[in-house]
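# Descriptive structure summary
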Amino acid sequence: MCGIVGYIGGKKAAPILLDGLAKLEYRGYDSAGIAVRNGEEKPVIIKAEGKLKVLSEKTADGDSVEGFCGIGHTRWATHGEPSKINAHPHHTDDDNVVGVHNGIIENYKELQEKLLRHDYKFYSETDTEVVIKLIDYYYKKYEMGPIDALAKTMVRVRGSYALVVMFADYPDEIYVARKDSPMILGLGEGENYIASDVPAILKYTRKVQYIGNLEMGRVSADGITFFDLNGDEVEKPVAEIDWDTEAAEKGGYEHFMMKEIHEQPRVVEDTIRSFIIGEEGSYQVNLTESGFTEEEIKKCTGIHIVACGSAYHVGMTSQYVFEDFAKIPVRVELASEFRYRKPLLDKDALVIIISQSGETADSLAALREAKDRGVKTLAIVNVVGSSIAREADHVCYTLAGPEIAVATTKAYSTQLIVNYLVALKFAEVRGYLDATQINDYIVDMLKIPNKIQKVIDDKERLQWFAAKYANAKDVFFIGRGIDYATCLEGSLKMKEISYVHSEAYAAGELKHGTISLIEDGVLVIGVATQKALYEKMISNMVEVQSRGAYLMGLTTYGSYDLEDTVNFTVYVPKTDEHFATSVAIIPLQLLGYYLAVARGLDVDKPRNLAKSVTVE
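Bear in mind that the values here come from a model prediction, so they are computed numbers and not experimental data. (Residues numbered from 1 in each chain as written. Predicted model: local features only at pLDDT ≥ 70, side-chain atom pairs only at ≥ 80, totals over all residues. Heavy atoms only, no water.)

Okay, the overall build of the protein next. Secondary structure summary: the protein contains 19 helices and 27 strands in total. Counting the 616 residues in the protein, one finds 63% classified as buried. Counted over contacts in the protein with a minimum sequence separation of 6, partners at least 24 positions apart contribute 71%. Split by element, the accessible area of the protein, about 23,400 Å² in all, is 47% carbon and sulfur. Across the protein, 68 positive and 91 negative side-chain charges occur, with their mean positions spaced 3 Å apart. (Helix = DSSP H or I, 4+ residues; strand = E, 2+ residues; numbered from the N terminus. Buried < 20%, exposed > 50% of the residue type's maximum accessible area, 1.4 Å probe, protein only. Contact = heavy atoms within 4.5 Å. Areas by Shrake-Rupley, 256 points an atom, 1.4 Å probe, with all protein chains shown as cover. Lys, Arg positive; Asp, Glu negative; His and termini not counted. Charge placed at Lys NZ, Arg CZ, Asp CG, Glu CD.)

What follows is the structure in structure tokens.
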């Protein structure tokens, strides 16, 4: 959730740190700070509450701060209120250790009490100050080097962390440690970088190394050395980031979210084509690169799809698709509940973990729970080399590219595509669909990008409608089957960026309590793309209309009788009903976006939310 940037080399550090932090603003934060060393001089620490521009103004965009080695941080408050004093970096009283931290130290109170007994004093309410001073305590008490002091601290600390620290005795080095929170190291020529996410350093280097769980590193201008908890050196391969630098910029759009909505036709097609082989008439699904074999599919007795937020809604749609195509039982679970309910997992089941970042804390914990039970895992992620991608037995990558807006759009759409294709492969291997049927479904999927584009091209109607309902206080989404899953995501899009209270309900549940909330003028959005459920949806919409609701109906071209029932109709191109969400979600993304714009809100960085939830 927080952002970390580090730099050491021959250039002025502060401007690089501020630039990197700006690239991580989408993660969400409430304060920011940098610490810069200029040789053996005392480090300069500058912190500010609020937006990054406040910190930039205090440092003249970094030009007023001398030094070639530094660390920066954008903080999301967990321990202690948002304030300058609680902002990172934190330091010891003598500035022997200065550091920043992402994550949560669960036993910080216990550690704080220990340090108080040894005459340490605390100026903030943060768990980070505790861990910085614990490192200092071990460093001084045992007269050990930075790596040994870090290792001793890591053994004592409970929780998750990405730690980046500087020691007064080692002015030309930065030290890092990691457990469960993301961190990458970037390689340059005569300079090296540290970051919690790729966009922070993409401008400067594409060569990276990934620090493993419970590992440490020493970063100098000349190179990076990794260590395990025993202090032994660990060799790491160098990976190449293939994201386009411009993909992380707005490219003329007012907001990243709108840019990413417009990118969906391209990234959906890219993702489809990365998993198919052959040509029209003989298309096949190819999962070779994932390492997931037909033998494993044949043995599979059931599927658990585990995810959070929008990825969970992808799972809800995928459940219908898997069960209908492959006739295999599927259970969709929130990652935050999965590991705590002691799930019953068959040894031949498959656990599918869906995560854009590949670093989602609860999803990562669910993955580890499944692996501890000896159950096969398949990750569907967007970030190559992320923790979930590295730890899963098999991985399928979405080709969404960097997604900056907090509210996911293109990552969600590409996750849907991968699930459709995996479901088709299951159906083929299990004998429920033949080669001709597989080809026909793939042909239909390849038409989805153009259909998405048609919806985007007609976005002005949705902009008008959103302006009309900019003052709405309650909105309800209703649907059945796959349309209900679409409603869940549409509702989330609306509430997370426009702050309008919205809820999604299975339309058949209206009479079981929900309908009591319907009153004059309340906006109800009904999604009806499933032919077998269409008439029932019409009945449900008539029910709410009779109680005063203002109705927006979302259906496919050709279902023009819906206009006789609703007040405002949105049409999307017809596609195979299994894939309906991929097209139907687009107007709901646009509606959420335009509603937020009409209300004058920060679309890309909604309050209290972060792009990647890397702590519980």
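There's more to say after this.
Here a ring pair, both rings aromatic, is described through the centre-centre distance and the interplanar angle of the planes. One pass over the full model with this rule turns up 22 aromatic pairs. Centre to centre, the rings of F322 and F426 are 5.8 Å apart; their planes meet at 80°, and the pair counts as edge-to-face. Of this pair, F322 sits in helix α9 (residues 309-326) while F426 sits in helix α13 (residues 410-429); the two residues are 104 residues apart in sequence, bridging distant segments of the chain. The exposure class assigned to F322 is buried, which follows from its relative accessible area of 0%. Where W464 meets F568, the ring centres are 5.9 Å apart and the plane angle is 40°; that geometry is what we call tilted. Taken together, the positions of W464 in helix α16 (residues 459-468) and F568 in strand β27 (residues 568-572) put the pair 104 residues apart, joining distant regions of the chain. Cation over ring: K152 sits above Y138, and NZ or CZ is 5.9 Å from the ring centre. Just above the ring of F226 sits the side chain of K236; from NZ or CZ to the centre is 5.9 Å. (Phe/Tyr/Trp six-rings, centres within 6.5 Å; stacked < 30°, edge-to-face > 60°. Lys NZ or Arg CZ within 6 Å of the ring centre and 35° of its normal.)

If you trace the backbone, Q530 turns up in the loop between β25 (523-528) and α18 (534-545). Judged by its relative accessible area of 10%, Q530 is buried. A distance of 3.0 Å separates a polar atom in the side chain of Q530 from a polar atom in the side chain of T529. A distance of 3.3 Å separates a polar atom in the side chain of Q530 from the backbone oxygen of E577. For Q530, the residues in contact, after removing those within four places along its chain, are R480, I482, D483, E577 and A580. (Polar contact = N/O pair within 3.5 Å; in protein donor to acceptor, adjacent residues only side chain to side chain.)

In the case of a regular strand, side chains alternate between the two sheet surfaces. Among the six residues that make up strand β8 (residues 174-179), five are buried, leaving the element largely enclosed by the rest of the structure. Looking at chain direction, strand β7 (residues 159-167) and β8 are connected through four bridges and run antiparallel. Paired with A162 across the bridge in β8 is R178. Here β7 hands over to β8 after six residues, the two strands then running antiparallel side by side. Looking at chain direction, β8 and strand β12 (residues 215-219) are connected through five bridges and run antiparallel. Counterpart to V176 in the pairing with β12 is G217. (Pairing = 2+ DSSP bridges.)

Let's shift gears to the sheet that holds strand β21 (residues 376-381). The strands making up a sheet associate through backbone hydrogen bonding, with each pair oriented either parallel or antiparallel. Strand order in the open sheet made by the five strands is β19-β18-β20-β21-β22, with parallel pairing throughout. Of all strands in the sheet, those bounded by a partner on one side alone are β19 (330-334) and β22 (394-397). For this sheet, the mean angle separating the axes of adjacent strands, direction not counted, is 20°. With six bridges joining them, strand β20 (residues 350-355) and β21 adopt parallel strand pairing. Residue I352 lies in a different strand from β21, and its bridge partner there is L378. (Axes fitted to C-alpha atoms, helices over the stretch in contact; angles between N-to-C directions.)

Right, let's get into the pairing of strand β24 (residues 501-506). Pairing geometry for strand β23 (residues 474-479) and β24, over six bridges, is parallel. Bridged to D474 within β24 is H501. In this region the chain leaves β23, passes through helix α17 (residues 482-498) and returns to the parallel neighbour β24; the handedness of that crossover is right-handed. (Right-handed = clockwise from strand over helix to strand, strands pointing away.)

This part takes up the sheet that holds strand β9 (residues 184-187). As summarised here, the arrangement of the eight strands in space is β3-β2-β4-β1-β10-β9-β11-β15, forming an open sheet in which the pairing is antiparallel. A single partner strand is all that each edge strand has here, and the edge strands are β3 (44-49) and β15 (239-240). Where strand β1 (residues 3-8) lies against strand β10 (residues 192-195), four bridges are found, and the strand directions are antiparallel. What sits directly across from I8, in β10, is N192.

What follows concerns the packing of helix α7 (residues 264-274) against α13. Between two packed helices, the angle of one axis relative to the other and the distance separating the axes together describe the packing. Interaxial distance between α7 and α13 falls to 9 Å at its minimum, and their mutual angle equals 25°. Comparing the axis directions of α7 and α13 gives the class roughly parallel. Between α7 and α13 the crossing geometry is right-handed. Counted together, Q264, V267, V268, T271 and I272 of α7 and K410, S413, T414, I417, V418 and L421 of α13 form the full contact between these two elements. For the contact of α7 with α13, the per-class residue count stands at six nonpolar, four polar and one charged. (Parallel < 35°, antiparallel > 145°, perpendicular 65-115°, else oblique. Left-handed = near helix turned anticlockwise from the far one by under 90°. Nonpolar A, V, L, I, M, F, W, Y, C, P; charged D, E, K, R; others polar.)

In this section: helix α19 (residues 580-598). With 19 residues, α19 should cover 27 Å at 1.5 Å per step; its first-to-last C-alpha distance of 28 Å lies within 8% of that length. With 17 of its 19 residues buried, α19 lies for the most part within the structure. (Expected span 1.5 Å × (residues − 1).)

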